[in-house]
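# Commentary on secondary and tertiary structure
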Amino acid sequence: MYKVGNIYFIAAVVVIGGALFGFDISSMSAIIATQAYLCQFNQLGHNKSGLCMGPTESVQGGIVAAMPGGSWLGALVSGILSDRFGRKTSIQIGAVIWVVGSVIVCAAVNIPMLVVGRIINGFSVGICSAQVPVYISELAPPSKRGRLVGFQQWAITWGILIMFFICYGSSYIDGKAAFRLPWGLQAIPAILLYIGLLFLPESPRWIAKKDRWDEAKAVLALVHGKGDQNSPWVSREMAEIRDMVEFERANADVSYLELLHPKMLNRTSIGVFTQIWSQLTGMNVMMYYITYVFTMAGLADSNGGNAVLLPSGIQFVINVVMTVPALLWMDRWGRRPTLLAGAFLMCLWLSVNAGLFATYSRPARPGEFPSKSESMTISGPAAKAVIASTYLFVASFAPTWGPVSWTYPPELYPLRLRGKAVALSTSANWAFNFALAYFVPPAFVNITWKTYVLFAVFCAAMFVHVYFVFPETANKPLEEVQEIFDDSKPGAIKFLGTPAWKTRNTRHLVLQQERNEVSSEERVGIPGQEIKGTTSA
Ligand code: BGC
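A brief report on the enclosed structure follows. (Residues numbered from 1 in each chain as written. Predicted model: local features only at pLDDT ≥ 70, side-chain atom pairs only at ≥ 80, totals over all residues. Heavy atoms only, no water.)

## Observations concerning the overall build of the chain
Heads up, the rule is: Comment: elements are numbered from the N terminus, with helices defined as DSSP H or I runs of at least four residues and strands as E runs of at least two. Throughout, the radius of gyration refers to the C-alpha atoms, and the reference size of a globule is 2.2 Å times the residue count to the power 0.38. Accessible area is worked out with a 1.4 Å probe on protein chains only. A residue is then buried under 20% of its type maximum, exposed over 50%, and partly exposed in between. In what follows, a contact means two residues having at least one pair of non-hydrogen atoms within 4.5 Å. Counted as positive: Lys and Arg. Counted as negative: Asp and Glu, with His and the chain ends omitted from the count. Where a charge lies is defined by one atom per residue type, namely NZ (Lys), CZ (Arg), CG (Asp) and CD (Glu).
Tallying secondary structure elements over the chain gives 24 helices and four strands in all. Here the C-alpha radius of gyration of the chain, 24 Å, is about what a compact globule of 537 residues would show, namely 24 Å. Considering only C-alpha atoms, the chain reaches an extent of 75 × 50 × 35 Å along its principal axes. Out of the 537 residues in the chain, the part that is buried amounts to 59%. Excluding contacts between residues fewer than 6 apart, the proportion of contacts in the chain whose partners are at least 24 apart in sequence is 79%. Here the chain holds 42 positive side-chain charges and 33 negative ones, and the gap between their average locations is 5 Å.

Now the structure itself:
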């Protein structure tokens, strides 16, 4: 079958997998505020004004958490699928499963059915969210890898935005179509993803690992050599892949357990913590429960209308727009500075919100708001400041931890482990996503504004962790990143390799090499041998 070689086109198709992830995130946040939903899944009866109160907080937490729970499992399983059937095929399997889940949630008549549908949808999102970054990073040229994998995050933010506004529009429909329509429509992009993938090549690195060398070369030529199998870039990439595959065959103990080997443990923990920290920023408090936050800040109307949805929608627009700078410049910025800046800024905005609620809010009266999680209320200029600082928080996550949490993990591992290691780190995203989805509503009930303090402390902790432990990987070919972790080099630390704070973003070198001017030995950027003018993180 005809295959497309344009890397931007390839990324654009495959990141539809990311959009599915986004759909699931916002389909809940717009819908939990609607009467159609609250009445269909009602457990708490009616309030004084006769409005349905919906499920209990813990059941609501469970409904939200069903998706990340399924994704956790899907991400873990995806490593095995991806190594056995290929990166591309595993994403196609994810697309089929998504359609099944969407049919079930669309038809849900009770809470168990809704939960089962969301677990199935989640399973699909787990597979796609882990394997799309692996697939793209194995096809992308080093100088554009951050941007291209970052498209996954952009697709997530678009998915969140599109679904939110579909739900917002549907919330004006009287009756159950208010949630059935959006939950049914979400099947369409998965069908497009499946069909689109038929026209894309498989990852050349995965093909090479299966000893299909001619095919691997043909894919490299298609994507990087304008069809010319003898182009210098294709020959060099082919040689690097061949060396790595042979080296790995000779030296590796190729099992999941290798991720825990002392020489690999550092890398495993960095990848896993990239995803854990991205969740512990508290971004999903804003994504899932923004309507709670804005209701507390006085944006809801008292008759059960949906006034709170529009200002909530603005944060999803900010999320999309503010991801763009990362797509343009993240390979230039490097991974370390981006993560450090993000952690610092988010810590700041969370502290501002904690301070404002602590100083200016009063506890909500019983029955004042539909949900008990709306445990405080704040008004006047302080409420406006809460809204502003919430938007600024989103604007800080979007260009930093959002995209880098997907770009960085696949860069850390050798080929033989990449599928499984990224599966593991992505599953950590989902495990924490699950925990937060479940625990944030009761946290607002029980520790009110201190919920913000908790996340601010996490942001401070991740800043320190990144500074001391996370090395720079931007602009290095995937095979060369392994050199950073080689602990036999002069100046390296046992089991850790080169100290993270001494690693450099050697962008100009890779650009030169892509123009065929520099050899790979010069490009590695080993401390003590840095070439002048490199950017320090
Ligand atoms: C995170 C999600 C989050 C989304 C928001 C992703 O990188 O993994 O949990 O909801 O960004 O844009």
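## Description of the site of the ligand
We apply this condition: The rule for a residue being near a molecule or strand is that one of its heavy atoms must lie within 4 Å of it. A 3.5 Å cut-off defines polar contacts: any pair of N or O atoms within that distance qualifies, except that in protein one atom must be a possible hydrogen donor and the other a possible acceptor, and neighbouring residues in sequence count only when both atoms are side-chain atoms. Using the Shrake-Rupley algorithm and a 1.4 Å probe, accessible areas are obtained, with residue cover drawn only from the displayed protein chains. All amino acids are sorted into three groups, where Ala, Val, Leu, Ile, Met, Phe, Trp, Tyr, Cys and Pro are nonpolar, Asp, Glu, Lys and Arg are charged, and the leftover types, Gly among them, are polar.
The ligand sits among 16 residues. The nearest are Gln-153, Gln-279, Asn-284, Asn-319 and Asn-429. Between the ligand and Asn-319, the relevant distance is 3.0 Å, taken from an oxygen atom to a side-chain nitrogen or oxygen of the residue. One of the side-chain N or O atoms of Asn-433 is found 3.5 Å from an oxygen atom in the ligand. Contact with the protein chains hides 100% of the accessible area of the ligand, taken as 310 Å² for the molecule alone. For the shell around the ligand, the per-class residue count stands at seven nonpolar, nine polar and no charged.

## A few points about the state of the cysteines
As a reminder, the rule being used: Note on disulfides: each one is a pair of cysteine sulfur atoms within 2.5 Å.
Counted by the stated rule, this structure contains one disulfide. The disulfide that involves Cys-39 links it to Cys-52, with 1.9 Å between the sulfurs. Its torsion about the S-S bond being 95 degrees, the disulfide of Cys-39 and Cys-52 is classed as right-handed. Note that Cys-39 is positioned in helix H3 (residues 35–40) and Cys-52 in the loop between H3 and helix H4 (57–85), a separation of 13 residues in sequence. Cys-128 carries a free sulfur, and the closest cysteine sulfur to it, the one in Cys-167, is 20 Å from it.

## Examining the packing of H4 against helix H20 (residues 415–446)
To be explicit about the condition: Structural elements are reduced to axes, namely lines fitted to C-alpha atoms, with helices fitted over the stretch in contact, and the angle between N-to-C directions of any two is expressed from 0 to 180 degrees. Oblique is the label for every angle not falling under 35 degrees (roughly parallel), over 145 degrees (roughly antiparallel), or within 65 to 115 degrees (roughly perpendicular).
With their axes 8 Å apart at the nearest point, H4 and H20 run at an angle of 175 degrees to one another. The angle between H4 and H20 falls in the class roughly antiparallel. Taken together, the residues of the contact of H4 with H20 break down into 14 nonpolar, twelve polar and two charged.

## Observations regarding the environment of Met-283
In this fold, Met-283 is placed in helix H14 (residues 283–296). A relative accessible area of 4% means that Met-283 is categorised as buried. Taking the C-alpha atoms as reference points, Met-283 and Ala-343, separated by 60 residues in sequence, lie 11 Å from one another. Sequence-distant contacts of Met-283, defined by excluding residues within four places in its chain, comprise Asn-319, Phe-393, Val-394 and Phe-397.

## Some points on the packing of aromatic side chains
Worth spelling out the cut-off: For this analysis, a ring pair means two rings from Phe, Tyr or Trp (six-membered ring only for Trp) whose centres lie within 6.5 Å, classed as stacked if their planes differ by under 30 degrees, edge-to-face if by over 60, and tilted for the remaining angles. As a reminder, the over-ring test applies to NZ of lysine and CZ of arginine, requiring each to be within 6 Å of the ring centre and within 35 degrees of the ring normal.
Per the counting criterion, the structure on display carries 23 aromatic pairs. Between Tyr-8 and Phe-151, the aromatic rings sit 6.4 Å apart at their centres with planes inclined by 75 degrees, giving edge-to-face as the arrangement. With Tyr-8 in helix H1 (residues 7–14) and Phe-151 in helix H7 (residues 145–170), the pair connects residues that are 143 residues apart, well separated along the chain. Consider the rings of Phe-468 and Trp-501, whose centres lie 5.8 Å apart with planes at 80 degrees: the pair is edge-to-face. Residue Phe-468 is found in helix H21 (residues 450–469), and its partner Trp-501 is found in the loop between helix H22 (478–484) and strand S3 (504–505); the two are separated by 33 residues along the sequence. Overall, Trp-501 belongs to the partly exposed group, its relative accessible area being 34%. It is Arg-336 that lies over the ring of Tyr-467; its NZ or CZ is 5.3 Å from the centre. The aromatic ring of Trp-449 is capped on one face by Lys-450, whose charged end is 5.1 Å from the ring centroid.

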